[in-house]
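Chain residues, written in single-letter form:
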Amino acid sequence: MYTIDRALDRQRRLPPAVILASALVKCPPQNETACDCATLSFSSATMSPKTHWKPSYFCDAPEYEARKKQTQFTPPDFAIKDVHAAVPRHLFEKSTLKSLFYVGRHLGLTAAFYVFATHIDRIAWELCARFGYGHRIRGVLEFFMWALYWFWQSVSFSGIWTLGHECGHDALSPIGWVNAAIGLALHTFILTPYYAWRITHRTHHKGTNHLDRDETYHPATRTDLHLPEEKFAKPFDYKEIIEETPGYTLFKLVVRQFFGFQLYLIHNRKGNPKYPPWTSHYKPSSQLFKQEDRQVIIISDVAIGTMLALLSAWIYQTSWPNVWRLYFVPWLWAHNWIVMFTYLQHSDPTVPYYRENEWSFLRGALATVDRPVFGWIGRFFWHGIAHHHIAHHFFSSIPFYNLPEVTEAIKPVLGAHYNYDSTPTIYALWRSFTQCTFIEPVGDVVFFKNQQGEAVREYLATGLPAVRDRSPVGTSN
C-alpha cells in the first residue's frame, strides 16, 4: 500500500502517456488516502474502511455495488437546516482576487497549448531533419503532437466552460458585474449563450430530478417508447421495441456526446418535454424565459454572433483547416467532456427521480453523484465540478475552491444518502447510457429501467410527506 503522497511521487516519474492512460481508466478512492495500481482502500457510509478493490477497465466500484444491494430505497427525510449548520461560515466567503488567479492561470495554460500547436509542424520538421527521419515519420510525429494538443486543449476548453458555470451562480466574486463580465466572456468563447444558459441552469437547480420542473437530461417514459403497460409487457416486447445492437448504441452515444449540448441549446433536445417543439435558448421570446429576461437573451445572442464573426475572420485570414485544427477540434471534444460529466452527475441507475408529491429541494440535491472524474485532471482543469457536485447543489454560490471542505463537512449529516462512485469514468458513462433507458410514467419516486425493463432499486413508501425545505443560504436563485 502507498500513501497518496508516495503514489503521486511515483506517478511523477512515469512517462506522460502512462499517466494519461491511468487517468482515463482509473479513479482514486473516495477519501483519496491510499492508492496504487493494484489495491485501493477507502471508507464510506456503506463500505468498510479496509475494503480492497482491484480496479478494472470495466468494473462497478464497491460504492455502486453497495447501493445496488440496497434495493429498497427510502427517500431522505432529515432537515436541510442540519446540512446548512454543518458548514463553517468562512466557506461561504468569495474572494475576487483568488478567483481571478484561477481564471488567469487557466487562460494562461490555454494560451500555452495554443502556442505549442502553432509550432507543431516546425517542431516535427526540425526533429526529423536532425535525426534523418523521412516524411512518413514526420507525418506520424505531427499527428501524435496534434492529438496531444487536441486532448489537452479540449480539457482546457471544458475548464473554461466550468469557470463560466461558476460565474452563472455568482460564485467567483461577491461583485455581481465581475461574475457577469467573466461569465459572458468565457462562455461566449466556447459558443455557449451565457445568460440563456444561466437562466435554465438555475431552473435545473431549483428542481433537480423533479420530473415536471427539471430542465436537462429529461428521461423517456414507458409511454414515450410505446411500450406496453408494465403488467402486460413481456420480455419479447422489450427486445422488439427498445433493444439495440452495441454498434448502434455506440453511434447514439457519440452523437449525444459531441453534439448533444449544442442541440439542446438550439432546439431543447433532451430538455423538458413540457415546452413546444424547437424551443430554443437563442430565441428571446422562448417559453424558457420570462418577459424580463429578453434583454439579456439578446445580449447573449449578440455575443455569440460576435464570436462567430471573429472565427469567420480568422478563417478568412488563414484557412479553414487551420481554424479547424486549432479551435473546432478541441471545441468538439470539449463538448464531449462537458456532456460526460454533466450527464453522470444525475443519470445513474441507483439515483431516483421524483414527482411533485415526494420531491423536495433536499431530495433533489441528493439525487446527485460525486465522481472523481479523470482524477487530478478533473480537480485541476475542471475545478472539481464532478468531484463535489452534491455540495454544489446544496450551496451553489459557494466558490468551487471551498467545496472540498464543504463536502467533508456535510458527509456525516448525509450519511448513507451521500452518493459517491469511483467507477472508472468511461465505463460509468457506458453503464448509464445503456442502463438508464426509461422510467415509469406513474409513481411518485421512480428509477431508471434498462432495455429489459428492469430497475436495480425500487421505492419503499414511508407514508410521510416530503419536507418542503427552502433553498439554503448560499444557493443561487
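Residues numbered from 1 in each chain as written. Predicted model: local features only at pLDDT ≥ 70, side-chain atom pairs only at ≥ 80, totals over all residues. Heavy atoms only, no water.

## Observations concerning the overall build of the chain
Within the chain, the secondary structure is distributed over 18 helices and 6 strands. Evaluated residue by residue, the chain yields a buried proportion of 53% over its 477 residues. Put simply, of all contacts in the chain between residues at least 6 apart along the chain, 71% involve residues at least 24 apart. Split by element, the accessible area of the chain, about 22000 Å² in all, is 62% carbon and sulfur. (Helix = DSSP H or I, 4+ residues; strand = E, 2+ residues; numbered from the N terminus. Buried < 20%, exposed > 50% of the residue type's maximum accessible area, 1.4 Å probe, protein only. Contact = heavy atoms within 4.5 Å. Areas by Shrake-Rupley, 256 points an atom, 1.4 Å probe, with all protein chains shown as cover.)

## Observations concerning the packing of aromatic side chains
Scanning the model with the defined rule gives 40 aromatic pairs in all. Aromatic side chains Tyr238 and Phe438 sit 6.3 Å apart centroid to centroid with 20° between the ring planes, which places their arrangement in the stacked category. Of this pair, Tyr238 sits in helix H10 (residues 235–241) while Phe438 sits in the loop between helix H18 (425–435) and strand E5 (445–446); the two residues are 200 residues apart in sequence, bridging distant segments of the chain. Accessibility classification places Tyr238 together with Phe438 in one group, the buried group. Positioned over the ring face of Trp359 is Arg213, at 4.6 Å from the centre of the ring. In this structure, Arg256 is placed above the aromatic ring of Tyr343, and the distance from its NZ or CZ to the ring centre is 4.0 Å. (Phe/Tyr/Trp six-rings, centres within 6.5 Å; stacked < 30°, edge-to-face > 60°. Lys NZ or Arg CZ within 6 Å of the ring centre and 35° of its normal.)

## As for the environment of Asp82
Structurally, Asp82 can be placed in helix H4 (residues 80–85). Judged by its relative accessible area of 38%, Asp82 falls in the partly exposed class.

## Regarding helix H13 (residues 320–346)
With 27 residues, H13 ought to run about 39 Å at 1.5 Å a step, and its terminal C-alpha atoms sit 38 Å apart, in line with that. Its axis deflected by about 35° at Leu326, H13 carries its strongest bend there, up to four residues before the proline Pro330. Of all 27 residues in H13, 22 are buried; the element is thus mostly enclosed. The N-cap residue of H13 is Ser319: its side-chain oxygen and the backbone nitrogen of Asn322 are 3.2 Å apart. (Expected span 1.5 Å × (residues − 1). Bend = angle between axes of the 7 residues up to and from the residue. Polar contact = N/O pair within 3.5 Å; in protein donor to acceptor, adjacent residues only side chain to side chain.)

## Focus: the side chain of His389
Residue placement: His389 occurs in helix H16 (residues 389–394). A relative accessible area of 2% places His389 in the buried class. Engagement of the side chain of His389 in a polar contact is seen with the backbone oxygen of Ile385, the distance being 3.1 Å. Contact partners of His389, with chain neighbours within four places excluded, come to Gln345, His346, Thr368 and Asp370.

## Re the confidence of the model for the chain
A low pLDDT score tells you not to read the predicted coordinates there in detail. Taken residue by residue, the chain gives an average pLDDT of 88. The fraction at 70 or more is 85%. In this model, residues 1–51 is a region of pLDDT below 50 whose contacts with residues beyond four sequence positions or in other chains number 94 contacts. (pLDDT = per-residue confidence, 0-100.)

## Details of the pattern of salt bridges
For the structure shown, the criterion picks out 16 salt bridges. Two residues, Arg431 and Asp60, come together in a salt bridge whose shortest N-O distance is 2.7 Å. Of this pair, Arg431 sits in helix H18 while Asp60 sits in the loop between strand E2 (52–53) and helix H3 (62–69), placing them 371 residues apart in sequence. By the burial criterion, Arg431 is buried, and Asp60 matches it. Put simply, Glu408 and Lys411 hold a salt bridge, and the shortest N to O gap is 3.1 Å. Taken as a pair, Glu408 and Lys411 lie in helix H17 (residues 403–414) at a separation of 3 residues, close to a single helical turn. Given the relative accessible area of 46%, Glu408 is considered partly exposed. Residue Lys411 is classed as buried on the basis of its relative accessible area of 15%. (Salt bridge = Lys/Arg side-chain N within 4 Å of Asp/Glu carboxyl O.)

## Some details on a nonpolar patch on the surface
A contiguous nonpolar patch, built from Leu127, Phe131, Tyr133 and Ile137 and spanning about 400 Å² of accessible area, is present on the exposed surface. With respect to the element layout, Tyr133 can be found in the loop between helix H6 (120–131) and helix H7 (135–168). (Patch = residues over 30% accessible without salt bridge, like charges linked within 9 Å, V, L, I, M, F, W, Y side chains within 5 Å.)

## Thoughts on H17
A rise of 1.5 Å per residue sets the reference length of H17, with its 12 residues, at 16 Å; its end C-alpha atoms lie 15 Å apart and thus fit the reference within 8%. Taken residue by residue, H17 has Leu403, Val406, Thr407, Ile410, Lys411 and Leu414 as its buried positions. Along the long axis of H17, the arc covered by the buried residues comes to 140°, so they all point the same way. Here the buried face of H17 lies against H4 and H16. (Arc of directions from axis to C-beta.)

## What about the packing of helix H11 (residues 246–267) against H13?
Viewed as axis vectors pointing N to C, H11 and H13 meet at an angle of 90°, and their least axial separation amounts to 7 Å. In terms of orientation, H11 and H13 fall into the roughly perpendicular class. Judged by residue contacts, Arg256, Gln257, Phe258, Phe259, Phe261 and Gln262 of H11 engage Trp331, Leu332, Trp333, His335, Asn336, Val339, Met340 and Tyr343 from H13. Split by residue class, the contact of H11 with H13 holds 9 nonpolar, 4 polar and 1 charged. (Axes fitted to C-alpha atoms, helices over the stretch in contact; angles between N-to-C directions. Parallel < 35°, antiparallel > 145°, perpendicular 65-115°, else oblique. Nonpolar A, V, L, I, M, F, W, Y, C, P; charged D, E, K, R; others polar.)

## Looking at the nonpolar core
Grouped together as the largest cluster of nonpolar side chains are 71 residues, with contacts concentrated most on Tyr149, Trp161, Tyr327, Trp331, Met340 and Trp382. For Trp161, the residues in contact, after removing those within four places along its chain, are His187, Ile190, Thr192, Trp197, Phe261, Ile338, Phe341, Thr342 and Ile385. In this structure, Val83, Val87, Phe92 and Leu414 belong to the second largest nonpolar core, which totals 26 residues. (Core = buried A, V, L, I, M, F, W, Y, C linked by side-chain atoms within 4.5 Å.)

## A short note on the packing of helix H12 (residues 294–317) against H13
As a packed pair, H12 and H13 sit with axes 8 Å apart at the nearest point and diverge in direction by 135°. Classified by the angle their axes make, H12 and H13 are oblique. The residues of H13 that touch H12, namely those facing Met307, Leu311, Trp314 and Ile315, are Trp320, Asn322, Val323, Leu326, Tyr327 and Phe328. By residue class, the composition of the contact of H12 with H13 is 9 nonpolar, 1 polar and no charged.

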